[in-house]
Structures are given as structure tokens and as C-alpha cells.
Amino acid sequence: MFQQRLTARMSRRHVPALLTASALAFAAFTPMVFAQDSDTLVIARSMDVNSLDPARAFCDTCQIYLSSTYETLVTLAPDNQSLVPSLAASWDINPETTEFTFHLNPKAVFADGSPVEAKDVKWSFERLLNLKGSPSFLLDGMTSVEAVDAKTVKVTVTGPDSEFVNKISATYAAIINSDVAIEHGAVADASAATADTSENWFLENSAGSGPFTLAGYTPESELRFARNEAYYGTKSPFSTVVITQVQDAVSQAQALESGAVDIAMQIDPDTAASMSTTDVTTEVVPSFNFVYVAFSPGAATAEGVLTPEVREALALAIDYDGMLDFTVGGNGVKQSSPIPNGFPGTAGLPEPKQDIAKAKELLAAAGHPDGFTLSAVYPNDNVYGVDLNLMMQKVQQDWAAIGVTIDLQPQTYPVWRDQLTGDGIPVTAVYYAPDYYGSGQYVAYFAMTAGTPWAGRAGGKTPETVVNPAEANLYAKALASTGEASAAFYNQIGLEMIKDKIIIPLVSPNLVLAYKSDLAGVRYSACCNLPINEITRK
Amino acid sequence: MADLIDREPAATILVRPVFAAPEQHRRPSRGTVAWRLLRKLPPTALIGGVVILFWIICAATVQFWGLPDPLALAGKRLQEPSAAHWLGTDALARDVLSRTLYGARFSVPIAIAVVAAAVAIGSLLGAIAGYVGGWIDGLVMRAVDVTVSFPPILLAMTVSAALGPGLVNASIAMVIVWWPIYARLMRAQVLEVREREHVEAAVAGGAGSFRVLTKHIMPLCWTPTLVNATMDFGAVVLLAASLSFIGLGATPPSPEWGSMISEGASKFYNWWIAFGPGMAILSVVLACSFLGDGLRDLLDTKER
């Protein structure tokens, strides 16, 4: 449509010109095609599906899909912290936290009616690890998984891992009906990464025990589920659930207001506040998502300028309160370290604060009394209600106050990713959402420990310049302990990561849940995003 | 005769008697001709001209108008239009009116530069192709065919994406999109004019190809180009805004109209953010269309 609007430039008369300019001025929106139906639940979302194979998928929409069509051994309770039984009715952990034994629910059956057995768990876990897909990191360190009997499965890991059960609550650790999947080319053994040919089959079929089954997927259009009539738990009142592709917050809000959809998932707080319909409920709840600025001192174009002192000065120059206001209209919270608020070890971490005078002092001491110029490349995206473009313009203004100029270069996600993993980007802005409840995932991703994604990006060709050995030691201790003791170690890691000044969290935006008032049970889940089976119509 | 042709531009010869005119019929000055033409323009074209003139003056002098800094905070974010902020403030609390007017400093020079470059390149290549003919004509016109076979926005997007975001790259992309139109226009005119007698006379008089082309043919070929260029000025503003809208043109925080509309689109309920730049684009495009139509009616004898 946009293209049509623009090709009108060939028209030489007033009316097309007028229409064209007006259309651009008032940015038109895609019309909705769905009618409201009490038996059908329609959800508006900008979908980011990369795959529908549990061992390959890695996206927010995938979390919703996988938690609806498959089940994990354990899942996250509505408090978003404690673990509750799902396919496993109970589990035992040895005192060293190296062996985990799960006892499967005897009633559990797959959508084709066959029972969920230990062999399926063994096969699914081995496949997840061996496929070396994006979510395979969840099972890093798993040495064996054995089917003790048809309903008991035992997992062994290399070293103590107090977070293992949390990790397998991530939707990607879904249990697949192995017989069906094998029939369609799925492979779980060591050759899986090359021998598995089932990805396309998974785009058209699901093979899980969840409350729904996949009824159809059309990329960039819709993802459709049908109720699993063989489901052994409480069945959903909806026979059909449709996730329909609606790109932006405003279009989602309009679809919701017009009754075309029941739930809109990515409405930002400003848009939510402007909605006027009375039969729509909007809840603003804290999320574990966050957006951050990251420095890569080892990037080719950073030219050695981003020393620890300079990074600290830049972090001190940011107006964190203003950032909250400008990015999400105050609907969010500040976040101290790369571990989101509410996760183990985050209590008591010092909040980031602006201190222009000290920032200038540090910059002068680092040999840049008049500042310097750097380029900032980031994805031109609007995520979790935060427009990264706006956020970076605020950062640009804040840094201008200490004489630092940044040249903003928003890019498409693939271009940005290529640069980040190529020569590196001195200053960037990105976002992160949890896969399960546990602080370990953040240490594994953000800590300056050799081998983590961000240590690699920040260090570039000289990773040793950014590695902080304390973090690896503390992480091992955190994994070897449980409860409060573990949280205390994560707290120390948090402090170390704050000191690193590589990842500067700016905002943890609140999440807007906007849905028709006749729905009940709509909630945000840290593992599963939107647990669809809990939703009912009043 | 040869002397006369060589001394005077062909265009002048056509409107002047060969023999010296009496004193009282002296050729009117250029100013007088312009004024007469201006008076013959339809009112819509005059309005268009005034609007374009406004934006050109705005682009040249807006920094002296005492407006708030278009990049600095101006109070609260997302304020509705008020006496203090006639078009409200955007999501970063910047004055939308100020940003809209400063936006002319991006759009107007880009439009002038792109149209000028496209006219220069296209007309030169078109004129050479039309005059010389043969394989040069074939080569140029096939290049034109290839370029116009792509939808303009798609080609501009591809070139911009390949070169990277930025207004300079977007301008290069737009010149690549636009030059073929002028090549075709100029070639068609040259093909027609080169058959006229005065050209044959010039050739017979021994004038070189370059001289014949530049002095005797091209001066008679500019009317369609001028009309088209006037209209394309608006189209370039629109395409530049479109490229910025999708993130391939201006980089933030430039108050470029397309990128402002893009910001406004994500804050749709705060309508005033996109209203200012939207109206600016509308006014330029419409003004160019009005003026272009007026000029065509005035200059193009075939349509009368």
C-alpha cells in the first residue's frame, strides 16, 4: 500500500497529489479482517516467528505458541517466581544439584492420544541440545538424560546447577511426541544439527501435549490454533485462537477498539492512555523486559576511546528519570544491573543516577575535556513500547551536555546484527526479555566472562580487555548454592556488572495488557508471555 | 546569414524578424516579459508560486526567525497545540512548529539539488542521444528503459539501502530514479527540433555539432523540462519524506518531514506531531502541481 501511495508521483494532477500527501501525513493502517466470535479468541501481535520447532524457535511469539501447543516438565506459577508441576507431577534434586529426577504425570497424553513417556522427554532434551539451535544453551552442561522407567526421567549435569529446573521451564524445553516427530524427519542424536529435516513439518504441525494444536501458520499474516480435544487438563473455552499480524501499537489499539481483536499485545503506555473505548480493559503491569545501551570498547571504530573511565562518565551523564518519562511516559522503572528487577540477587542494587559534574571530571581526566564523537548503530525498532530511535535521541541530548557527540544510525535488524557480530559497534541500544525465571541467563549472556555473547561483542579482537574474572567465579558459586545464598552471589555479580559499565540498562518498561472487558484470566508470564489456556470469556 | 546565426541564439531568431526592427518595436526587457507571463498565470499557479517561494525563503532564513531550537526540549512532552507551542510538542518535548519550519532546510535544498542534478544529467544525455543517434542513442535509451522499469520508490529504496541511511545517499538514489524522465523529454524535443530549417542552416553554415546542439537546438527544448521539473520538485519532496519515513533518509534527530511523520505515526493519538510536517508536504506538493500546470498552460503551445 505504501508503495502504491508513492508511485502516485507519476500522476500529474492535483487530486492524486493531494491524496498522496494527505495519506502520508495521516499514515494509513491495514484494515482488519476478523469478526468477533465468542468461540474464537483473536490476538493482535507483531509476530517475530523464526521457527515453530521447539528446539529451533527463539522469539516472544514462539513463547506463546509453544506454551499453548506443547508442555514443559515444570512451569512458572502466576507469581512469576515459583515453579509448579506441568508434565512432571513431582521432581527430586540431589543435594549437589547435579541430578534431577522427574516423575511424569500418569494422565498426560499427547494430542494424538498417546501417553507422554520418559522416552519422549529423553528424546526432546537430547534433540534440543544436539540441534545447536538458538535455545540449545538452556541445556548446556547436561551430560545425560535417561529414562528410568516409562514415567521417570533422570537428568545429570556436569557441575552444580541450582537453576536447572528453572531453565527447563522455558517453553523451548517443550516435550515433543518423539514417535510422530521421528516419522517426519526429526533427529535427536549427535547428528541432529545436520541430519534433522523436520523444520518445515513443524511449520505446519505441532506434536505436543498442550491445550491447543497448530491449525495453520501463514508468515506475516496469522498463526492459528485449534483446541486439543484430547487435552488431559482443563480445556479452553475457545475452539480457535488466532494470532493476527498487526504491526504497530496504534493499529493494534484501533483493532481492539473496533472489536476486530480481543487482545492487543504490544500497545505502548502513551497509546493506551489515549484509548477512549469503555469496553476495553487496560492493565499496566511491571515486566522483566528491559532496554539498554551497550558499549563495545573493542569495536573497530571505537578507536580505544571507550576506556572504563569514559564509560563511567557516559553512564553518569544519562538522565535516567528523564529517560523513563521520554521513552514510556513514566510507565516503567529504572534498572540497576543487566539482571531485571525482581530476579534473584537484584534487591538492594544501587539505582543508576545522573551526575554531570562528575562525568565531566572523569572525561577530562581521561583526556577528553572537550568530548569526542562516536557513532551509535542500533535496530530501528519499537519494542516493549520503547521507540529505540526516540530513546537514542534522548541519550544523544544527555551526552551532548558533557561534550560527547554521537552520530545516530538506526538500521534494520539484520544489518545491525551483521555489524554487531562483524566489526562491532561502539555504542548500540538493544532489548532483552527473559526465557525463564532465574538470574543465570543474564550472567550467561551479559557478564564479562570469556565466551558470553556480550564479552565477545564488547571485547572485539581483544576480549581480555573487558573480561572480569570475578564474575565467572561468582557465577559458579551462585549455581552451586540455592535460595538466599545463591541470590547473594547474584547480587555480587550484579555489582560487578554495574562496575563493568558495558551494559547500561535504561528502562524496564511496564507492560500494557489491553483486552476486551468480557475476557478474564489475561496475564503476563515471564516464561510464556501470554498463557492462552487461562483465558476465558465472562 | 551564417554570421547572424553564429552570433545570435536560435531561440531569439525565431521570435525576431530578420531585418532590424524600428526603434519603437524594441524587444521588451526580460523583466517585462517575466511580468507579462506572470500576469497570464492562472491564480492557482500564482498561489503555488507564493507557497514555494515561502518555503524557499523559510529554508534560507528560518534560523533568524527566533524560533525555539528544533532539537532542544521545549517544556513538557506531548503537549497539545497551545499559544506557547502552536503545533504542540513531540515525544521528546520539542516544538513541532519549529521542527516543521526547520524541516524546510532539509527538504527544499534536497528537492532543488535532486531536480537540478536530474535535469542536468538527464537533459544532457537525452540531448546527445537524440542528436547523435545510432548506438549512443540505443545505449542511453536502454539505460533509461531499465531504470524506469522499476517502480521509483522501490529503486530509491534499493539504492538508499545499499548506500546506507542519510540524506546525501537518499539524494543520490533519487537522482538515479529521476534522470531518465528528463532524458526522454529532452531526446523527444531534440528529435523534433533538429529537423527544423534553422538547424539545417546552421549545419550548412559549418557550425560544429556541439555548437548546433547547445546553441540552436537545446534552447528550444526546455519548455517540457521546465514544466516537469516544477512538478517534480514536489514529487522529490514527497519521495525524500517517504525514504525518511521508512528510515532510509534523514537520520535522527534531524527535523526532516518524513521522519517527523514516522515519529507521529507511532504516536497517532497525538495527532499534532504528524500534522505540521504532513501539512508542509501537502503544501509543497500541491503548490508544485498548481505551478507546474499553470506553466504548462502558459508555455506549451501544443495544449492550447
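Criteria and thresholds
- Residues numbered from 1 in each chain as written.
- Chains lettered and ligands numbered in written order.
- Predicted model: local features only at pLDDT ≥ 70, side-chain atom pairs only at ≥ 80, totals over all residues.
- Helix = DSSP H or I, 4+ residues; strand = E, 2+ residues; numbered from the N terminus.
- Buried ≥ 20, exposed ≤ 12 C-beta atoms within 10 Å, placed from the backbone.
- Contact = placed C-beta atoms within 7 Å.
- Rg over C-alpha atoms; globule rule 2.2 N^0.38 Å.
- Pairing = 2+ DSSP bridges.
- Axes fitted to C-alpha atoms, helices over the stretch in contact; angles between N-to-C directions.
- Expected span 1.5 Å × (residues − 1).
- Core = buried A, V, L, I, M, F, W, Y, C linked by C-beta atoms within 7 Å.
- pLDDT = per-residue confidence, 0-100.
- Domains from an automatic or database assignment.
- Parallel < 35°, antiparallel > 145°, perpendicular 65-115°, else oblique.
- Left-handed = near helix turned anticlockwise from the far one by under 90°.
- Nonpolar A, V, L, I, M, F, W, Y, C, P; charged D, E, K, R; others polar.

(A) A look at the overall build of chain B. Of the regular secondary structure elements, chain B holds 13 helices and zero strands. The linear arrangement of helices and strands in chain B, starting from the amino end, is α-α-α-α-α-α-α-α-α-α-α-α-α. In chain B, which comprises 304 residues, the proportion classed as buried is 49%. Within chain B, counting contacts between residues at least 6 apart in sequence, those at least 24 apart form 69% of the total.

(B) How the structure looks around the overall build of chain A. The secondary structure content of chain A amounts to 19 helices and 23 strands. For chain A, the C-alpha radius of gyration of 24 Å lies close to 24 Å, the compact-globule estimate for 538 residues. Dimensions along the principal axes, computed over C-alpha positions, put chain A at roughly 70 × 70 × 40 Å. Within the span of chain A, comprising 538 residues, buried residues form 54% of the whole.

(C) Structural detail: the sheet that holds strand β9 (residues 222-227) of chain A. All names here are of chain A. Pairing is mixed in the open sheet, where seven strands are placed in the order β8-β9-β10-β1-β11-β21-β12. Two strands close off the open sheet at either side, each with one partner strand: β8 (212-218) and β12 (280-285). Two elements, strand β11 (residues 263-264) and strand β21 (residues 511-516), share two bridges in a ladder whose sense is antiparallel. What sits directly across from I263, in β21, is Y515. Docked against the sheet, helix α3 (residues 60-69) engages β1 (40-45), β8, β9 and β10 (240-245), running at close to 145° with respect to β8.

(D) Inspection of helix α19 (residues 483-500) of chain A at higher detail. Residue and element names in this part refer to chain A. In a regular helix each residue adds 1.5 Å, so 18 residues correspond to 26 Å; α19 covers 26 Å between its end C-alpha atoms and thus fits that length. Taken residue by residue, α19 has S486, F489, Y490, N491, I493, G494, E496, M497 and D500 as its buried positions. Residues of α19 that are buried sit in contact with α16 (440-446), α18 (469-480) and β20 (503-509). Note on α19: the residue one or two positions beyond its end, K501, has a positive phi of about 55°.

(E) Layout of the nonpolar core. The biggest cluster of nonpolar side chains holds 257 residues, and the ones touching the most others in it are A264 and Y292 of chain A together with M174, V236 and V237 of chain B. Per element, the largest residue contribution to this core is 17 residues, and it comes from helix α5 (residues 96-132) of chain B. Beyond its immediate chain neighbours, meaning those up to four positions away, V236 of chain B contacts I110, A111, V114, V115 and M174 of chain B.

(F) A look at the confidence of the model for chain A. On average, chain A scores 90 in pLDDT, and the residues at 70 or more come to 93%. When the criterion is pLDDT under 50, residues 1-35 of chain A qualifies, and its contacts beyond four places in sequence or with other chains add up to 66 contacts.

(G) Region of interest: the confidence of the model for chain B. Residue and element names in this part refer to chain B. Chain-level pLDDT for chain B is 87 on average; 89% of the residues reach the 70-or-more range. Scored below 50 in pLDDT, residues 1-22 shows 18 contacts in the model against residues more than four places distant or in partner chains. Predicted complex metrics record ipTM = 0.76 and pTM = 0.83.

(H) Local environment of the environment of C527 of chain A. Residue and element names in this part refer to chain A. Summarising the element assignment, C527 is placed in the loop between β22 (519-520) and β23 (536-537). Put simply, C527 and Y436 are 91 residues apart on the chain and 4.7 Å apart in space, counted from C-alpha to C-alpha. With sequence-adjacent residues up to four places away left out, C527 is seen in contact with T75, L76, S169, A170, T171, Y436 and Y437.

(I) Here's a closer look at the domain arrangement of chain A. Residues and elements named next belong to chain A. When its domains are assigned, chain A resolves into domain 1 (1-29), domain 2 (31-46 + 211-285 + 510-538), domain 3 (49-203) and domain 4 (290-509). For domain 3 versus domain 4, the distance between C-alpha centres works out to 32 Å. The partner domain 4 presents twelve residues to the 15 residues of domain 3 that form the contact.

(J) Representation of the packing of α18 of chain A against α19 of chain A. Residue and element names in this part refer to chain A. Following both chains from N to C, one finds α18 and α19 inclined at 165°, their axes separated by 8 Å at the closest point. Classified by the interaxial angle, the pair formed by α18 and α19 is roughly antiparallel. The two elements α18 and α19 meet at a crossing, and its hand is left-handed. Of the residues in α19, those touching α18 at A470, E471, L474, Y475, K477 and A478 are S486, F489, Y490, Q492, I493 and E496. Partitioned by chemical class, the residues of the contact of α18 with α19 number seven nonpolar, two polar and three charged.

(K) Expanded view of the sheet that holds strand β6 (residues 142-149) of chain A. All names here are of chain A. Spatial ordering of the open sheet is given by β4-β5-β7-β6, a layout of four strands whose pairing is antiparallel. Each edge of the open sheet is held by one strand with a lone partner, namely β4 (88-93) and β6. In this sheet, neighbouring strand axes are inclined to one another by 20° on average, regardless of whether the strands run parallel or antiparallel. In the sheet, β6 pairs with strand β7 (residues 152-157) via six bridges, with the strands oriented antiparallel. Looking at the pairing, A147 lines up with V153 of β7.

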